[in-house]
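# Inside the fold
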Amino acid sequence: MDKVLEIHLSIKKSQESIKLHFDTAKKINCDNKVLEALEKALEYSELIDFENLLTRTKTRYFKQFDSDLIQILNALPYGRYDNLKHLSFKNKDQLEDLKRSFDNSEEDLVGAIMNLEFNLNVFTKISFFESNVVVVGANGSGKTTLSSRFRNYLQNNGVVLSAQRILFLSDFQSIAKPKKTAEDLKISQQKEKSSKKPEELQFLQNEFSVIVKNLISDNLYNSFLYRQKSLNQSQQKQNISPPKSTNLDQTIEIWNFLISHRRLGLSEDGTNLEVEVETGIKPYPASDLSDGEKVILYFISQVIQAPKNGFIVIDEPEMYLHKTILNKLWDILESHRQDCVFIYLTHDLEFAVSRTAKKVWVKEFKFPEFWEIEVIEENEIPESLLLELLGSRKNILFCEGDEESRDFRIYSQLFPWLTVMHVGGCFEVINYTKAFNKLQNVSTRALGIIDSDHRDPAQLKSLAKKHVFALSVAEVENLLLDEDFLAFFLVKNQISADRLQILKSAVITDLQKKQEIQISNYVSTKIDFYFKSTHPKKGNDLNGVKDNFQSFTSKIDIEKWYDERKVFLDEIISKKDYDKAITIFNNKDGLIQLVESKLKVSNFVDKCITLLQSDKKSHPPLHKHFPKDILQLR
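Everything numeric in this text was worked out from a predicted model, so none of it was measured. (Residues numbered from 1 in each chain as written. Predicted model: local features only at pLDDT ≥ 70, side-chain atom pairs only at ≥ 80, totals over all residues. Heavy atoms only, no water.)

## Some details on the sheet that holds strand β5 (residues 284-285)
Spelled out, the test is: Whether two strands pair comes down to DSSP finding at least two bridges between them. Runs of E in the DSSP output that reach at least two residues are strands. Runs of H or I that reach at least four are helices, and both are numbered from the N terminus.
Strand order across the open sheet formed by three strands is β3-β4-β5, with antiparallel pairing between neighbours. Only two strands of the sheet have a single partner each, and these edge strands are β3 (263-266) and β5. Note that strand β4 (residues 273-276) and β5 share two bridges and pair antiparallel. The residue of β5 that forms the bridge with Val275 is Tyr284.

## Some remarks on the pairing of strand β7 (residues 341-346)
As a reminder, the rule being used: Only protein chains enter the accessibility calculation, which uses a 1.4 Å probe. A residue is then buried if its area is under 20% of the maximum for its type, exposed if over 50%, and partly exposed in between. When the strands point away from the viewer, a crossover counts as right-handed if the route from the first strand across the helix to the second turns clockwise.
For β7, the buried fraction is high: six of the six residues fall into the buried class. Where strand β6 (residues 311-315) and β7 come together, five bridges link them in parallel fashion. Opposite Ile314, over in β7, you have Tyr344 as the bridge partner. In this view, the connection linking β6 to its parallel neighbour β7 by way of helix α12 (residues 323-336) has right-handed handedness.

## Concerning the packing of aromatic side chains
Here is the rule: Here a Phe, Tyr or Trp ring, Trp counted by its six-membered ring, pairs with any other such ring whose centre lies within 6.5 Å, and the pair is stacked when the planes are under 30 degrees apart, edge-to-face when over 60, and tilted otherwise. Placement of a charge over a ring requires the Lys NZ or Arg CZ to be within 6 Å of the ring centre, with the centre-to-atom vector within 35 degrees of the ring normal.
Scanning all chains against the criterion turns up 15 aromatic pairs. With centroids separated by 6.1 Å and ring planes inclined at 25°, the aromatic side chains of Phe342 and Tyr344 adopt a geometry described as stacked. Here the two residues Phe342 and Tyr344 agree in accessibility, since each one is buried. Centre to centre, the rings of Phe489 and Phe604 are 5.2 Å apart; their planes meet at 75°, and the pair counts as edge-to-face. Taken together, the positions of Phe489 in helix α19 (residues 483-492) and Phe604 in helix α26 (residues 604-614) put the pair 115 residues apart, joining distant regions of the chain. Just as Phe489 is buried, Phe604 falls in that class too. In this structure an aromatic cluster arises from ring pairing among Phe208, Tyr298, Phe299, Trp330, Phe342, Tyr344 and Phe351. Over the ring of Trp561 we find Lys526, and its NZ or CZ is 5.0 Å from the ring centre. Residue placement shows Arg565 over the ring face of Tyr522; its charged tip is 3.9 Å from the ring centre.

## Structural notes on the sheet that holds strand β12 (residues 446-450)
Definition in use: Between N-to-C directions, angles span 0 to 180 degrees; the directions come from axes that are lines fitted to C-alpha atoms, helices contributing only their stretch in contact.
Read from one edge of the open sheet, four strands run β11-β10-β12-β13, paired in parallel fashion. Each edge of the open sheet is held by one strand with a lone partner, namely β11 (418-422) and β13 (468-470). The average undirected angle you get between the axes of adjacent strands in this sheet is 25°. Pairing between strand β10 (residues 395-399) and β11: five bridges, direction parallel.

## Quick look at the nonpolar core
Applicable threshold: Here, nonpolar core means buried Ala, Val, Leu, Ile, Met, Phe, Trp, Tyr and Cys residues that are tied together by side-chain atoms lying within 4.5 Å of each other. The criterion used for residue contact is that any of the two residues' heavy atoms lie within 4.5 Å.
Ranked by internal contacts, the top residues of the largest apolar core, which has 73 residues, are Ile296, Phe299, Trp330, Leu333 and Phe398. Here this core takes eight residues from helix α11 (residues 291-304), the largest share from any one element. The contacts of Ile296, once residues within four sequence positions are left out, are Trp255, Leu258, Ile259, Leu321, Ile325 and Leu329. One finds Leu414, Tyr522, Trp561 and Leu591 within the second-largest nonpolar core, a separate group that totals 61 residues.

## Notes on a nonpolar patch on the surface
Put simply, the test is: Patches were defined on residues exceeding 30% relative accessible area and lacking a salt bridge, with like-charge contacts within 9 Å and nonpolar side-chain contacts (Val, Leu, Ile, Met, Phe, Trp, Tyr) within 5 Å. Computed with a 1.4 Å probe, the accessible areas rest on the Shrake-Rupley method; for each residue, only the protein chains presented here act as cover. The term salt bridge refers to a pairing of a side-chain nitrogen on Lys or Arg with a carboxyl oxygen on Asp or Glu at a separation within 4 Å.
A cluster of nonpolar residues, Tyr221, Phe224 and Leu225, forms a patch on the protein surface that exposes about 290 Å² of accessible area. One can find Tyr221 in helix α9 (residues 201-235). Residue classification places Tyr221 among the partly exposed positions, given a relative accessible area of 40%.

## Re unusual backbone geometry
Outside of glycine, negative phi angles account for most residues, and trans bonds account for most peptide bonds. Positive phi outside glycine occurs at Asn309, with the angle close to 55°. As for its position among the elements, Asn309 is in the loop between α11 and β6. Positive phi is not limited to glycine here, since Asn603 has a value of about 50°. Take Asn603: it is sitting in the loop between α25 (588-599) and α26. For Asn603, a relative accessible area of 48% translates into the label partly exposed.

## A few points about α26
Here is the rule we go by: In this description, one arc is meant: the one made by directions from the helix axis to the C-beta atoms.
Of all the residues in α26, the buried ones are Phe604, Val605, Cys608, Ile609, Leu611 and Leu612. One side of α26 holds all its buried residues, which, seen down the axis, span an arc of 155°. Where the residues of α26 are buried, they touch α15 (406-414), α19, α25 and α27 (620-623).

## Brief notes about the side chain of Ser301
For Ser301, the location among the structural elements is in helix α11. On the basis of relative accessibility, which here comes to 0%, the residue Ser301 falls in the buried class. Each residue touching Ser301, except ones within four places of it in the same chain, is listed here: Phe208, Ile211, Leu215 and Thr251.

## What about the confidence of the model for the protein chain?
Cut-off, in case you're wondering: pLDDT is defined as a per-residue confidence score from the predictor, taking values between 0 and 100.
Per-residue pLDDT for the protein chain averages 85, and the proportion of residues at 70 or more is 89%. For the protein chain, the element scoring lowest by mean pLDDT is helix α3 (residues 50-54), at 53; helix α10 (residues 247-258) scores highest, at 95.

## Notes on the environment of Lys492
Note that Lys492 resides in helix α19. With a relative accessible area of 46%, Lys492 lands in the partly exposed category. Residues Lys492 and Asp615 lie 123 residues apart in sequence; the distance between their C-alpha atoms is 9.9 Å. Those residues in contact with Lys492, other than ones at most four positions away along the chain, are Leu611 and Asp615.

## A short note on a negative patch on the surface
Which entries qualify depends on this criterion: When charges are counted, Lys and Arg are positive and Asp and Glu negative, with His and the chain ends excluded. Just so you know, the charge point we use is NZ for Lys, CZ for Arg, CG for Asp and CD for Glu.
On the surface, Asp31, Glu36, Glu39, Glu43, Glu46 and Asp103 cluster together into a patch of negative charge. When residues of the negative patch are assigned to their parent elements, the largest contribution, four residues, is made by helix α2 (residues 32-46). Among the structural elements, Glu46 can be located in helix α2. Residue class for Glu46 comes out exposed when judged on its relative accessible area of 54%.

Written out as structure tokens, the structure is:
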């Protein structure tokens, strides 16, 4: 708590110094741009509500804000002065020098204020990183640029593992003292490595060696200290205490845990890492590891040596890593560095879902410095699916089935302006559509499409209010029986046109044969809907319960519903109304088999989908069976 209080006092002092500079700048009539910048700096500094933050955050955040304020003051003429009584505002020359100093500070001041603004915005948006964070964004969403900005904004309070890595590891002839290697490591950690400038390539080439060299130097130094301590204990006839684990020990232990068929260790002189495959076979240098093995070593050594109580930002944590080892690696590294907050920037949705962390997505990126970041709140939609949907710039169409289902394959061709997502059954379509449309700050909307499946018109009307619509035909397979579409199909496949009339007659005949089961299924579905959409009133005693239940069930008139449906089907059959028949005939594969038999064609559905894919003129006949709400989104 003493450390927190120390940082608190430092923040208060910085706030007072900023106010002092602002008052002074107004007094000497500084340039308006400088005054505006100072006013903004003062406003942001006062947003650091210490008492409020103290209950919800850790020292690392105060350190970060303290560092941000010091950076602002370093850009100003008199830094963290308590007062400016030594200045004489009557001295014209001194006054001009002071104004000039303020004016010259503008560029550095604005940059420092941007750091504080970024941290306040991001920390507030993500609830001050109460847990690890996964930032999800598609390629081109500015994740790498964001990681670079994190490097600038976090300053000495974290490390950024860039997506741009050159996994080159030197064979060391000698090892410098730990003070020198630690300085080199600190410089490397703070250095921008995502730049495309040729002069920056040197830092990328040396980075891996710098990281490993500090591990080895620290290990050698601790070995020396332990030997000295052991000698002293031995001379004083004391029990020799066991050695403490070094960063290198932990790195080797984690690597060997993950790579079980090889053993990483130190060379005999302790100055290099080497790998042993089998006992008795000469080890080979770690520089000869595969890219996957090197990146594991790179990640481990970076994380183990990250600043205490800081941030670890990883851009593309999945790069070069096999799926079987990816989650294990980051699980064990998070366990080893529980003092730090891990911030992952990824487009790998499977990895994002694997993390126990707050999930956010980059909704919008405008080059060079604007990111609109939104928190992904808990939702009825599975997290993996939700992350995928949030990355879509198109509106969403939920449909039944899976990736191989006819629904998904047909709709994907018919609606290229939508992101079509298969989600299982009709209840998932309904629930996910409702859940997605409840999301805040989402620029896309969701619709659902389901088979009509004997549904009552009242039910379909109710679903439409929730943006879930039914086909005008009974099932998705019936779409392909549309008369205009079939005529187009026959021409494309060089099938005689008279086959269409043969098929139409066969469909009516088949409906007549299956009339009893069609009516019975319809009535069963109507009963099911009644029970799901309506409930009996509560009773206050046994008789009341019985009366309410009797009243409830009395409205289920099976015979009436049966007779009405029979009259409806009799009319379709007598009039040989083919168009009406395909809107109510639920016979799925039975109808497809009938089509293949009468048209003398095999793999009918696959050929239809190929036609939809290759010739957009085949779409309009099928579009007419969908609600205008879907078609108007084009």
